[in-house]
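Given next are the chains, with one letter for each unit.
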Amino acid sequence: MDIIDSHTHWGPSVTMGTEVTTEELLLQAEQSGVSRIVIFPFPSTALADEGINQRLLEETNRIKKFIPYYYIPETMKPIPDGKGFYGGKWHWMRGVQDCSSNYQALKEPKLGEFIEVSERIDLPIVLEEEFAFTEVFVKKTKSLKIIIPHLGGLGGNPMDFLDTFKGRENVYFDTALSSPDTVLKFIDKIGHERILFGSDIPFGTMKWELEKVLSLPIVDEKKEWILSKNLKRLIGFT
Ligand SMILES: [Zn+2]
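Everything numeric here is computed off the predicted structure, so don't read it as measured data. (Residues numbered from 1 in each chain as written. Predicted model: local features only at pLDDT ≥ 70, side-chain atom pairs only at ≥ 80, totals over all residues. Heavy atoms only, no water.)

Asks: Which parts of the structure should I look at to understand the overall build of the protein?
Replies: Secondary structure assignment for the protein yields 9 helices and 9 strands. Once the C-alpha set of the protein is aligned to its principal axes, its extents read approximately 45 × 40 × 35 Å. The proportion of buried residues among the 238 residues of the protein is 55%. Of the contacts made within the protein by residues no fewer than 6 positions apart, 67% connect residues no fewer than 24 positions apart. Just so you have it, the protein exposes about 10300 Å², and 52% of that area is on carbon and sulfur atoms. In the protein, 28 side chains carry a positive charge and 35 a negative one; their mean positions are 4 Å apart. (Helix = DSSP H or I, 4+ residues; strand = E, 2+ residues; numbered from the N terminus. Buried < 20%, exposed > 50% of the residue type's maximum accessible area, 1.4 Å probe, protein only. Contact = heavy atoms within 4.5 Å. Areas by Shrake-Rupley, 256 points an atom, 1.4 Å probe, with all protein chains shown as cover. Lys, Arg positive; Asp, Glu negative; His and termini not counted. Charge placed at Lys NZ, Arg CZ, Asp CG, Glu CD.)

Set out below in structure tokens:
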């Protein structure tokens, strides 16, 4: 079974004073049987130095297992087209890091253009914000493929995310750091087609997060979609 981790952090973290190295990610992948890994920069590092996006891209040219995502800067610059990025990471835009949304960002005139261009580029964006922020953001989109990490767990109550976005076919969820019970509730309600496996290294481990999905009481075919096929469809891998 092909397994792709859809959510990991690569490189140095300014605020945490640590670094997730290429070797660390490759080791965890080998130990878990993961064939490819989506990587994006740490927020604090990207905010301090936008050049990290370029360095991350260069590393993926060296390491074929890596799938690079672009960290969307506070200028709301869309994912550069044709550069080799497969997706983007939107992280508490202009907010207090990992803590609260800045609702002013929703009133930013550039937001409409950002969404319009991103819909044209048609790559997925992992979007982490509070529930109320996410709700307004999603309403502004038509086809933008939005991946809500942790089934919404860091932005509020996952059940609110589920109830509100169950009918939105362009909204996806990743399983990182969420409980198996919650993952099952999501699968029950929206099916397996919009759920992606992610570990959120260094906040989770690949082995533990993968074991969680593999242990779900669902048929292997559904697991296969969650573990790689849904992501492949999103990023256009054949
Ligand atoms: Zn993360």
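Asks: For this particular structure, what's the right way to read the nonpolar core?
Replies: Among soluble globular proteins, nonpolar side chains are generally buried collectively. Counting residues in hydrophobic clusters, the biggest one holds 60 residues, and the most contacted among them are Trp90, Phe114, Phe137 and Phe173. Considering every element that reaches this core, the biggest residue donor is helix α4 (residues 110-121), with 5 residues. Beyond its immediate sequence surroundings of up to four residues, Phe173 is in contact with Ile147, Ile148, Leu151, Phe161, Phe165, Phe186, Ile190, Arg194, Ile195 and Leu196. Judged by nonpolar contacts, the second largest core, of 13 residues, contains Val126, Ile147, Tyr172 and Leu196. (Core = buried A, V, L, I, M, F, W, Y, C linked by side-chain atoms within 4.5 Å.)

Asks: Mind showing me how you'd approach a nonpolar patch on the surface here?
Replies: Together, Met16, Leu177 and Phe203 give the surface a local cluster of nonpolar side chains, amounting to about 270 Å² of exposed area. Turning to its location among the elements, Phe203 is positioned in the loop between β9 (195-196) and α8 (206-214). Its relative accessible area of 43% is what places Phe203 among the partly exposed residues. (Patch = residues over 30% accessible without salt bridge, like charges linked within 9 Å, V, L, I, M, F, W, Y side chains within 5 Å. Salt bridge = Lys/Arg side-chain N within 4 Å of Asp/Glu carboxyl O.)

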